[in-house]
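Working through the structure, step by step
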Amino acid sequence: KSRNSRLSASASWASFSQNEGILLGRDVIDKREYIEKIVKEYLTKRNCFYIGRGIDYYACLESSLKLKEISYIQTEGFAAGELKHGTIALIEEDTPVMHNLTKINSKNTRSNLNEVKSRGAKTLVISTYSVHEPEDQIVVDDVYELFSPLLTIVPAQFIAYYAALQRGYDIDKP
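Residues numbered from 1 in each chain as written. Predicted model: local features only at pLDDT ≥ 70, side-chain atom pairs only at ≥ 80, totals over all residues. Heavy atoms only, no water.

Things to note about the overall build of the chain
For the chain, the count of helices and strands is six helices and five strands. Put simply, the chain runs from its N terminus to its C terminus through helices and strands in the order α-α-α-β-α-β-β-α-β-β-α. Relative to its full complement of 174 residues, the chain shows a buried share of 45%. At a minimum sequence separation of 6, the contacts of the chain that also span at least 24 residues come to 75%. (Helix = DSSP H or I, 4+ residues; strand = E, 2+ residues; numbered from the N terminus. Buried < 20%, exposed > 50% of the residue type's maximum accessible area, 1.4 Å probe, protein only. Contact = heavy atoms within 4.5 Å.)

Put into structure tokens, the structure is as follows:
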């Protein structure tokens, strides 16, 4: 929480100084019911994976930790480029794979997404507006690249929250 507070303050300052709006983060908060529906549809297995490349990888690690901490779902974050080095063998039919995608150079990462889809994974994509595709489930506003994890972590926290509620766990005392 304190990490996100520090990042929020920094992002607000950067937003103000660059005249960029991060108000879409509020839109994500307004779409809580949609995220709850996604959780019921996608998080039906005991295991889950987050994949991302570059700065998105670190957001995946944080997101997977949140999901693991409060919902007790076995969750791991992986660098998208490392999928072929053993990790892809863990993907089976209906395995949920969450994918953070915020970089403009996203062709390689999209191909990783297609690889897990071909193995039967249920994919959920959190992307920024500039790189989104019509099938991406959650799209957040574009901000300075170093702050993009701040916006992608907000829906990831809601995903973890609703996954824990769906399983009947106490959110305040995991």
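A word on the packing of aromatic side chains
On inspection of all chains with the given rule, the structure shows six aromatic pairs. Both rings, one in Phe 158 and one in Tyr 162, keep their centres 6.3 Å apart while their planes meet at 20°; by these two values the pair is stacked. Taken as a pair, Phe 158 and Tyr 162 lie in helix 6 (residues 148–167) at a separation of four residues, close to a single helical turn. Judged by relative accessible area, which is 17%, Phe 158 ranks as buried. (Phe/Tyr/Trp six-rings, centres within 6.5 Å; stacked < 30°, edge-to-face > 60°.)

A short note on the nonpolar core
Ranked by internal contacts, the top residues of the largest apolar core, which has 27 residues, are Leu 43, Leu 67, Leu 124, Ile 138 and Ile 159. Mapped by element, the contributors of at least two residues to this core are helix 3 (32–42), strand 1 (47–52), helix 4 (55–71), strand 4 (122–128), strand 5 (138–140) and helix 6. No other element matches helix 6, which puts eight residues into this core. Those residues within four positions of Leu 124 in sequence are excluded, and the remaining contacts are Ile 38, Tyr 42, Val 97, Met 98, His 99, Gln 137, Ile 138 and Ile 159. (Core = buried A, V, L, I, M, F, W, Y, C linked by side-chain atoms within 4.5 Å.)

Description of unusual backbone geometry
Positive phi, normally seen in glycine, also occurs at Tyr 72, with a value near 60°. Taking relative accessible area as the criterion, Tyr 72 reaches 34% and is therefore assigned partly exposed. The phi dihedral of Asp 94 falls on the positive side, at around 65°, and the residue is not glycine. Secondary-structure assignment places Asp 94 in the loop between strand 2 (74–79) and strand 3 (96–101).

What is shown is where atoms sit, not what they do.
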